[in-house]
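What follows is each chain in one-letter form.
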Amino acid sequence: MTRLILLMLSSGALLHAGLTDFRTIQEAHKAYEAKEYGKSAALLKNLEAKSPQKQYDIGNALYKDKKYDEAIEAYEKAEGIDEATRLHNIGNSQFQKKEWDKAIEAYEKALELKEDEDTKFNLELAKKQKQKEDEQKKQEQKNQENKDDKKNQDQKQNKDQKEQDQQKQDQKNKDQNK
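Everything quoted here is computed from the prediction, not taken from an experiment.

Below, the discussion takes up the overall build of the protein chain. Along the backbone of the protein chain there are seven helices and zero strands. Put simply, the protein chain runs from its N terminus to its C terminus through helices and strands in the order α-α-α-α-α-α-α. Per-residue burial for the protein chain yields a buried fraction of 26% across its 178 residues. For the protein chain, long-range pairs separated by at least 24 residues make up 39% of all intrachain contacts whose partners lie at least 6 apart in sequence.

So this is what it looks like as structure tokens:
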């Protein structure tokens, strides 16, 4: 009899926890749909369950809340979710951080596991963005070098001009002393 009561109490506690989690999940979903991504992530984090799906959902909410570092951490903990999808989302988070090499690596790994048009598109876009940024850096470096060259040239011209002026002044002083 005592065992039966304990079993009933413990199953009631589990049922209550399950209903509480269900309500929390519903609230998190409503917050996500209302574009309250931070609230959604916080609600999901408070769930006691430790599941890959929970981490994945937290990652999605954090990504939408533009908290890309935290989203990456959540996606990395979501082992058990479709690996290609998980890597795709890690790549998206890296892309938003403009970490092109990491994004490219994640997309390439995802494509090794499963062909996906969105991942291919994002990979090509990341490669283009990396190339564009590299070209900008090269141009900025070239501009800086040109600026430095111009500055050095101007300094040399100023020095030469001062020397010429000094020579003229010396010659003038010399002519006056005669």
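Time to look at the packing of aromatic side chains. Taken as a whole, this structure holds four aromatic pairs when the rule is applied. With a centroid separation of 5.2 Å and 75° between ring planes, the pair formed by Y32 and Y37 is classed as edge-to-face.

Counting residues in each nonpolar core, the largest one holds 16 residues, and the members touching the most others are L44, Y56, I58, L62 and Y75. A per-element tally of this core places helix α3 (residues 52-64) first, with four residues. Beyond its immediate sequence surroundings of up to four residues, L62 is in contact with A41, K45, K67, E70, A71 and A74. In this structure, W100, Y107, L111 and L123 belong to the second largest nonpolar core, which totals eight residues.

This brings us to helix α2 (residues 37-45). Of the positions making up α2, those classed as buried are Y37, S40, A41, L43 and L44. One face of α2 carries all of its buried residues, which in axial projection span an arc of 165°.

So, about the packing of helix α4 (residues 68-77) against helix α5 (residues 83-96). As a packed pair, α4 and α5 sit with axes 9 Å apart at the nearest point and diverge in direction by 165°. When the interaxial angle is binned, α4 and α5 end up roughly antiparallel. Seen along the crossing, α4 lies across α5 with a hand that is left-handed. Contacts between α4 and α5 involve Y68, A71, I72, Y75 and E76 from the former and R86, N89, I90, S93, Q94 and Q96 from the latter. Residue composition of the contact of α4 with α5, grouped by class: five nonpolar, four polar and two charged.

Another point: the environment of K54. Considering the arrangement of structural elements, one finds K54 in helix α3. Sequence spacing of K54 and A41 is 13 residues, and the spatial spacing of their C-alpha atoms is 9.6 Å. Apart from residues no more than four positions distant in its own chain, K54 is found in contact with L44, K45, L47 and A49.

This next bit is on the pattern of salt bridges. Inspection of the entire model under this criterion finds 14 salt bridges. Across the pair K130 and D101 runs a salt bridge, and its minimum N-O distance is 3.4 Å. Remark: D101 occurs in helix α6 (residues 100-113) and K130 occurs in helix α7 (residues 117-177); sequence separation between them is 29 residues. Residue classification places K130 among the partly exposed residues on the basis of a relative accessible area of 24%. Within the structure, one salt-bridge network assembled from shared partners comprises D69, K97, E99 and K102.

Turning our attention to unusual backbone geometry. The phi dihedral of K35 is positive, around 65°, even though this residue is not glycine. Assignment of secondary structure puts K35 in the loop between α1 (2-33) and α2. On the basis of relative accessibility, which here comes to 61%, the residue K35 falls in the exposed class.

Confidence in the prediction of the protein chain, expressed as mean pLDDT, is 81, and 83% of residues score 70 or more. The low-confidence segment residues 1-17, where pLDDT is below 50, has zero contacts with residues more than four positions distant or belonging to other chains.

On to the side chain of R86. Positionally, R86 belongs in helix α5. A distance of 3.3 Å separates a polar side-chain atom of R86 from the backbone oxygen of E76. Excluding its chain neighbours within four sequence positions, the residues that come into contact with R86 are Y75, E76, A78 and E79.

Thresholds, definitions, all that
- Numbering of residues starts from 1 in every chain and runs along the sequence as written.
- With pLDDT at 70 or above as the cut-off, local features in this predicted model cover only qualifying residues; side-chain atom pairs require 80 or more to be listed or tallied, and sums for whole chains, interfaces and linings still use all residues.
- Note that the side-chain values use all heavy atoms of the structure and ignore hydrogens as well as water.
- Note on conventions: DSSP H or I runs of at least 4 residues are helices, E runs of at least 2 residues are strands, and numbering of each starts at the N terminus.
- Accessible area is worked out with a 1.4 Å probe on protein chains only. A residue is then buried under 20% of its type maximum, exposed over 50%, and partly exposed in between.
- Should any heavy atoms of two residues lie within 4.5 Å, those residues are counted as being in contact.
- Stacked, tilted and edge-to-face pairs are distinguished by plane angle, under 30 degrees for stacked and over 60 for edge-to-face with tilted covering the rest, among Phe, Tyr and Trp rings (Trp via its six-membered ring) whose centres lie within 6.5 Å.
- Take the buried residues of types Ala, Val, Leu, Ile, Met, Phe, Trp, Tyr and Cys, join any two whose side-chain atoms come within 4.5 Å, and each joined set is a nonpolar core.
- In this context, the arc is that of the directions from the helix axis out to the C-beta atoms.
- The axes used here are C-alpha line fits, helices contributing only the stretch in contact, and every angle between their N-to-C directions lies in the interval 0 to 180 degrees.
- By definition in this entry, angles of less than 35 degrees are roughly parallel, angles greater than 145 are roughly antiparallel, angles of 65 to 115 are roughly perpendicular, and the rest are oblique.
- For a crossing to be left-handed, the near helix must be turned anticlockwise from the far one by less than a right angle; the clockwise case is right-handed.
- Ten residue types, Ala, Val, Leu, Ile, Met, Phe, Trp, Tyr, Cys and Pro, are classed as nonpolar, four, Asp, Glu, Lys and Arg, as charged, and the remainder, Gly among them, as polar.
- A pair is scored as a salt bridge if a Lys or Arg side-chain nitrogen falls within 4 Å of a carboxyl oxygen belonging to Asp or Glu.
- A residue's pLDDT is the predictor's confidence in that residue, given on a scale from 0 to 100.
- Polar contact is the term for a pair of N or O atoms within 3.5 Å; when the atoms are in protein, one must be able to donate a hydrogen and the other to accept it, and sequence-neighboring residues count only if both atoms are side-chain atoms.

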